[in-house]
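Each chain, written out:
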Amino acid sequence: MTRVAVQSPDDGGLEDRVPFLARLEGEDRSALLAFGHELAFAPRMVLIHQHEPSSHVLFLVHGWTKVTASAANGYEALLALRGPGDIVGESAALTGRPRSATVTALEPVRAVAVEHERFRAFLSGSPAVSFALLGLTADRTRAADRRRLEFASMNVRERFAVLLLDLARTHGRRTAQGVELAVPLSKQELAGSVGASREMVQRLLKELRDKEAVTTGRRTLLIRRPDILRRIAGAGPARGIPAPPGPDGT
């Protein structure tokens, strides 16, 4: 997939989006991956199940996944998207607790599985890798706190516009008509990301379709008028995404 990834000047550099393996020296990265074995997952296959016991961590080497969590009443939230270089399942490996979320392949995925004992032993013998993991955890926590603070000052309509703009920047694909989100997400997952109901997201999408801001299909979404989303988000050009290519494809 070809992504559109543009950082805005006030987003703090998006440190949380630097994957774990990219934070390691080449020698450490190779040594860590050598402890595991490679697994392949087809689209929509589950890599990790929420609430299940944990025996290994996964290092993603190819393809994108979604991280979701479900409440007891069935409400499901999209927590994150993880791709090449990312680590998933590390929290359960370090705490010994059951999995806190489900990880599902969005496209063909290859990952390296490393057993908990080997992973913890490697961290014990490598302070540099341990600090890299600590730094990743801190960056993700800071990004989550920043998003919670930002969302607390917005209504659902504004939060949804911000979410679509963010997804377009990080997982957008240029087309002649606009920017297509390259990750298949359900309305329930989108709703869970902004603290809304599925019905509310359906109403918001209808509003945006009526304004010709987006076009939707089965788990597909094309952003045609990002300027409308920016106005709703109230963020001005700082939250912009690249304009659609012109007739010559540029």
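Calculation notes
- Residues numbered from 1 in each chain as written.
- Predicted model: local features only at pLDDT ≥ 70, side-chain atom pairs only at ≥ 80, totals over all residues.
- Heavy atoms only, no water.
- Phe/Tyr/Trp six-rings, centres within 6.5 Å; stacked < 30°, edge-to-face > 60°.
- Helix = DSSP H or I, 4+ residues; strand = E, 2+ residues; numbered from the N terminus.
- Buried < 20%, exposed > 50% of the residue type's maximum accessible area, 1.4 Å probe, protein only.
- Pairing = 2+ DSSP bridges.
- Axes fitted to C-alpha atoms, helices over the stretch in contact; angles between N-to-C directions.
- Contact = heavy atoms within 4.5 Å.
- Polar contact = N/O pair within 3.5 Å; in protein donor to acceptor, adjacent residues only side chain to side chain.
- pLDDT = per-residue confidence, 0-100.

Chemist: I'd love a proper account of the packing of aromatic side chains, names of residues and values included.
Modeler: Within this structure, the stated rule accounts for three aromatic pairs. Here Phe20 and Phe59 contribute two aromatic rings whose centre-to-centre distance is 6.2 Å and whose plane-to-plane angle is 25 degrees, an arrangement assigned as stacked. In this pair, Phe20 is assigned in the segment before α1 (26-34) and Phe59 in strand β3 (residues 56-62), connecting sequence segments 39 residues apart. According to the relative accessible area criterion, Phe20 is buried, its value standing at 0%. Judged by relative accessible area, which is 0%, Phe59 ranks as buried. On the numbers, 5.6 Å between centres and 75 degrees between planes, the contact of Phe35 with Phe122 is edge-to-face.

Chemist: Report on the sheet that holds strand β4 (residues 65-70), specifying residues and quantitative values.
Modeler: Sheet architecture is open: four strands sit in the order β2-β7-β4-β5, paired in antiparallel fashion. Each edge of the open sheet carries a strand with a single partner, namely β2 (46-48) and β5 (76-82). Geometrically, the sheet is characterised by an average inter-axis angle of 30 degrees between neighbouring strands, direction not taken into account. Note that β4 and β5 share six bridges and pair antiparallel. Bridging from a neighbouring strand, Ala69 pairs with Ala77 of β5. Helix-sheet contacts for helix α6 (residues 187-194) involve β4 and β5, and the interaxial angle to β5 is about 90 degrees.

Chemist: Tell me about the sheet that holds strand β1 (residues 37-41), and please be specific about residues and values.
Modeler: An order of β1-β8-β3-β6 is seen for the four strands of this open sheet, with the pairing classed as antiparallel. Taken across any chain shown, the strands that pair with only one partner, and hence form the sheet edges, are β1 and β6 (87-88). Two elements, β1 and strand β8 (residues 109-115), share five bridges in a ladder whose sense is antiparallel. By the bridge assignment, Leu39 is partnered in β8 with Ala111.

Chemist: Please provide a residue-by-residue account of the side chain of Gln50, values included.
Modeler: Within the secondary structure, Gln50 is located in the loop between β2 and β3. A distance of 2.9 Å separates a polar atom in the side chain of Gln50 from the backbone nitrogen of Ser70.

Chemist: Explain the confidence of the model for the chain to me, using residue names and the numbers behind them.
Modeler: A residue-level look at the chain finds 88% of positions with pLDDT of 70 or above and a mean pLDDT of 85. Taken as a whole, residues 1-14 scores under 50 in pLDDT and shows 29 contacts with residues more than four places along the chain or in a different chain. In the model, residues 236-250 has pLDDT below 50 throughout and makes 34 contacts with residues more than four positions away in sequence or in other chains.

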